[in-house]
Amino acid sequence: MSKATELIHSIPVDPLTGSIGVPIYQTSTFVQQAPGVNKGYDYARSNNPTRETLEKIVAKLEGGAAASAFASGLAAIDAVVKLLESGDEIVAVDDIYGGAFRLFTKIYEKFGIRVNYVDTTDVTNVIDAITPKTKLIWLETPTNPTLKISDIEAIAKVAKQNNLLLCVDNTFASPALQQPILLGADIIVHSATKYLGGHSDLIAGIVVSRTAELGEQIKFIQNASGAVLSPNDSWLVIRGIETLPLRVEKHCKNAQIVAEYLQTHPLVDQVFYPGLPSHPNHDIAVKQQSGFGGVISFTLKNDTEDAAFKVVCNTSLFKLAESLGGIKSLLCHPANMTHKSVPVEKRRAAGVADSLIRLSIGLEDPEDLIADIDQALQRVHAHTESNNYITASI
Ligand SMILES: *Cc1c(COP(=O)(O)O)cnc(C)c1O
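Here the structure is a predicted model, which is why all the values come from computation and not from measurement.

Definitions and limits used
Residue positions are counted from 1 within each chain, in the order its sequence is given. This being a predicted model, a pLDDT of at least 70 is required before a residue's local features are given, and a value of 80 or more before pairs of side-chain atoms are given or counted; all residues contribute to the totals for chains, interfaces and linings. Hydrogens and water molecules were not included; the side-chain quantities draw on all heavy atoms of the structure. Here, a strand pair is defined by DSSP locating no fewer than two bridges between the strands. We count a stretch as a helix when DSSP gives it H or I for four or more residues in a row; a strand needs E for two or more, and each element gets its number in order from the N terminus. Residue contacts are defined here by distance: any two heavy atoms, one from each residue, within 4.5 Å place the two residues in contact. Each axis is a line fitted through C-alpha atoms, taken for helices only over the stretch in contact, and angles between the N-to-C directions span 0 to 180 degrees. Note that the domain bounds were set by an automatic or database domain assignment. Accessible area that two parts lose when put together, evaluated with a 1.4 Å probe and summed over both, is termed the buried area. Salt bridges are defined as contacts in which a side-chain nitrogen from Lys or Arg sits within 4 Å of a carboxyl oxygen from Asp or Glu. Pairs of N or O atoms within 3.5 Å make up the polar contacts considered here, provided that, within protein, one atom can donate a hydrogen while the other can accept it, and that residues adjacent in sequence are counted only when both atoms are side-chain atoms. Residues are grouped as follows: Ala, Val, Leu, Ile, Met, Phe, Trp, Tyr, Cys and Pro are nonpolar; Asp, Glu, Lys and Arg are charged; all remaining types, including Gly, are polar. Buried means the residue's accessible area, taken with a 1.4 Å probe over protein chains only, is under 20% of the maximum for its type, while exposed means over 50%, and partly exposed covers the values in between. Orientation is classified from the angle alone, with under 35 degrees giving roughly parallel, over 145 giving roughly antiparallel, 65 to 115 giving roughly perpendicular, and any other angle giving oblique. Note on convention: near helix rotated counterclockwise from far helix by under a right angle means a left-handed crossing. Clockwise means right-handed. To qualify as a nonpolar core, a set must consist of buried Ala, Val, Leu, Ile, Met, Phe, Trp, Tyr and Cys residues joined through side-chain atoms within 4.5 Å. Summary of the distance rule: residues count as near a molecule or strand when at least one heavy atom falls within 4 Å of that molecule or strand. UniProt positions are given in the numbering used here, feature names are shortened, and annotations may be inferred rather than shown by experiment.

What to know about the sheet that holds strand β12 (residues 357-360)
Then comes step 1: Reading across from one edge, β8-β9-β12-β11-β10 is the order of the 5 strands in this open sheet, with mixed pairing throughout. Among the strands making up the open sheet, the edge pair consists of β8 (268-272) and β10 (319-320).
Then comes step 2: Pairing analysis gives 2 bridges linking β10 to strand β11 (residues 330-332), with the strands arranged parallel. Across the sheet, lysine 319 pairs through a bridge with leucine 330, a residue of β11.
Then comes step 3: Packing of helix α9 (residues 244-264) onto the sheet brings it into contact with β8, β9 (295-300) and β12, and relative to β9 it is tilted by some 10°.

Considering the domain arrangement of the protein chain
Then comes step 1: Along its sequence, the protein chain is carved into domain 1 (3-241) and domain 2 (245-393).
Then comes step 2: The centre of domain 1, based on its C-alpha atoms, is set 28 Å off from the matching centre of domain 2.
Then comes step 3: The interface is formed by 33 residues belonging to domain 1 together with 36 residues belonging to domain 2.
Then comes step 4: Both faces combined, the contact of domain 1 with domain 2 buries some 2,700 Å², and carbon together with sulfur accounts for 58% of it.
Then comes step 5: Three residues stand out in domain 1 for area buried against domain 2, namely Ile149, Leu177 and Tyr195, and they jointly supply 27% of the buried area on that side.
Then comes step 6: Counting across the domain 1 and domain 2 interface gives 1 salt bridge.
Then comes step 7: Residue aspartate 151 pairs with lysine 287 through a salt bridge whose shortest N-O separation is 3.0 Å.
Then comes step 8: Connecting domain 1 to domain 2 are 14 residue pairs in polar contact (both at pLDDT 80 or more).
Then comes step 9: Mapped onto the side of domain 1 that touches domain 2, the elements with two or more residues apiece are α1 (3-8), α6 (152-161) and α8 (231-241).
Then comes step 10: In the side of domain 1 that touches domain 2, the residues fall into 15 nonpolar, 13 polar and 5 charged.

Some remarks on unusual backbone geometry
Then comes step 1: Cis peptide bonds are those with omega within 30 degrees of zero, and the linkage from threonine 141 to proline 142 qualifies with -5°.
Then comes step 2: Following asparagine 144, the chain continues into proline 145 via a peptide bond in cis, with omega recorded as 0°.
Then comes step 3: If you trace the backbone, proline 145 turns up in the loop between β4 (134-140) and α6.
Then comes step 4: We note that leucine 147 has phi near 60°; this positive angle belongs to a residue other than glycine.
Then comes step 5: Position of leucine 147 among the secondary structure elements: in the loop between β4 and α6.
Then comes step 6: According to the relative accessible area criterion, leucine 147 is buried, its value standing at 2%.

Side note on the packing of helix α3 (residues 73-81) against helix α4 (residues 98-108)
Then comes step 1: Between α3 and α4, whose axes approach to 10 Å, the crossing angle comes to 45°. Taken together, the axes of α3 and α4 lie oblique to each other. In terms of crossing hand, the pair formed by α3 and α4 is right-handed. Seen from α3, the contacting residues are Leu74, Ile77, Asp78 and Val81; seen from α4, they are Gly99, Ala100, Arg102, Leu103, Phe104 and Tyr108.
Then comes step 2: Looking at the contact of α3 with α4 residue by residue, the class counts come to 7 nonpolar, 1 polar and 2 charged.

Some thoughts on the nonpolar core
Then comes step 1: In this structure, Leu54, Leu196, Ile206, Val237 and Ile241 are the most contacted members of the largest nonpolar core, which totals 36 residues.
Then comes step 2: Among the elements that make up this core, the one with the highest residue count is helix α2 (residues 49-62) (5 residues).
Then comes step 3: In this structure, isoleucine 241 is in contact with Leu7, Leu54, Ile57, Val58, Leu61, Leu196 and Arg247, ignoring residues within four places of it in sequence.
Then comes step 4: In terms of nonpolar packing, the next biggest core, distinct from the first, is built from 32 residues, Val271, Val312, Ala376 and Val380 among them.

So, the site of the ligand
Then comes step 1: Around the ligand lies a shell of 14 residues, among which Gly73, Asp169, Ser191, Thr193 and Lys194 are the nearest.
Then comes step 2: Within the backbone of glycine 73, a nitrogen or oxygen atom sits 2.9 Å from an oxygen atom of the ligand.
Then comes step 3: Measuring from an oxygen atom of the ligand, one finds a side-chain N or O atom of lysine 194 at 2.8 Å.
Then comes step 4: When residues of the shell around the ligand are assigned to their parent elements, the largest contribution, 3 residues, is made by α3.
Then comes step 5: Within the shell around the ligand, the residues separate by chemical class into 6 nonpolar, 5 polar and 3 charged.

Structural notes on the UniProt feature "modified residue: N6-(pyridoxal phosphate)lysine" (unreviewed entry) in the protein chain
Then comes step 1: Per the UniProt annotation, the sites labelled "modified residue: N6-(pyridoxal phosphate)lysine" (unreviewed entry) are Lys194.
Then comes step 2: Take lysine 194: it is sitting in the loop between β6 (187-191) and β7 (205-209).

Observations regarding the environment of aspartate 94
Then comes step 1: Within the secondary structure, aspartate 94 is located in the loop between β2 (89-93) and α4.
Then comes step 2: Once the C-alpha coordinates of aspartate 94 and lysine 287 are considered, the two residues, 193 residues apart in sequence, prove to be 22 Å apart.
Then comes step 3: Each residue touching aspartate 94, except ones within four places of it in the same chain, is listed here: Tyr117, Val118, Asp119 and Lys148.
Then comes step 4: A polar contact is formed between the side chain of aspartate 94 and the side chain of lysine 148, at a distance of 3.4 Å.

Some thoughts on the side chain of glutamine 288
Then comes step 1: Structurally, glutamine 288 is set in helix α10 (residues 282-288).
Then comes step 2: In terms of polar contacts, glutamine 288 uses its side chain to reach the backbone carbonyl oxygen of serine 150, at 2.7 Å.
Then comes step 3: Excluding residues that lie within four positions of it along the chain, glutamine 288 makes contacts with Thr141, Ile149, Ser150, Asp151, Ile152, Glu153, Leu177, Gln178 and Leu183.

As for the sheet that holds strand β1 (residues 66-70)
Then comes step 1: In spatial order, the strands read β1-β7-β6-β5-β4-β2-β3; together these 7 strands make up an open sheet with mixed pairing. The outermost strands of the open sheet, each flanked by one partner alone, are β1 and β3 (114-118). Within this sheet the neighbouring strands show an average axis-to-axis angle of 20°, counted without direction.
Then comes step 2: Note: β2 against β3, 5 bridges, orientation parallel. Of the residues in β3, the one forming a bridge with alanine 92 is tyrosine 117.
Then comes step 3: Docked against the sheet, α4 engages β2, β3 and β4, running at close to 140° with respect to β3.
Then comes step 4: Against the sheet, α6 contacts β4 and β5 (165-169), and its axis sits at roughly 155° relative to β5.

Next up, the structure:
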């Protein structure tokens, strides 16, 4: 059976009523037959049938034993860090999601958890960063916004040899393109806000565990800390997942076309897209992903904030907004938006140039998307010499 067929039929028909849609159990508590005797549910923070259905669907989709759904991607990341103890260390990808960096440094450092950031595209950097205190390796692949790819299988071997957990943030690829547990990872986290939800209409997160034992530990943390996903939002994520393979296939096709167009544009300098043979990690992407995703970043030859602003403020189909993975195309200027809190020199060193623009390619016709970027890029050309400044307006 194909993956798409399997996915669609992993969404159960309600055994009670035959409802083809998953019921939304909008309740806080469940009536017990006698103290401690119930139908498998007692209080909705601990377990809710709608949330549980979503968790089972995503566990299966990722090839894991269990999953737990959270109120945001960051709450999911937070739950994984809570597996650690004071004194433990994490080796993490240096190009990490800004919110994860903030959580690690501003919250967990004061509880005695240290993080070593390394360029994980080279496995030897990971090996060199491991100390006797290391307990967890944290990967994101592809990364945001320069789409670096790390070799999950090779790093999973290193984790195993050193008795460490490997967690992969699989938000950008989604399980439609990459299944880290099948490549040796122990834990996967998702911002389901992005491709799993797919419609830019909710905030949600998921942790998937390779083993039932790890799944139990995460479930304990989910209940103990309490950042659970609501029944309504659980239902919306299920609704999104129903069309995940279809949407992601089109996101990839569109992105490849737009990336190839950008690569030939005279005003564009570098294009970051794992589907281009010129991408430094293209070979690993081909090995571990079945498609290259819907996110593209590019820089301008006129590497200034002014030039980038002219592009991001003059598109009409591409909306200026943070986030990605929805049906409508979005664009953003990382230096002033997602990466604003990163010090300038550190940001530039990480490849987030002043003119870097990130695109989240939606499901529109690719020719329309190209026409939209093309007319916005022409403004850069027209104003490069006069250095005419256009202020951002959202
Ligand atoms: C958005 C995002 C997160 C955080 O998820 P929220 O749902 O916004 O809390 C984590 N990791 C990556 C890669 C993301 O893109």
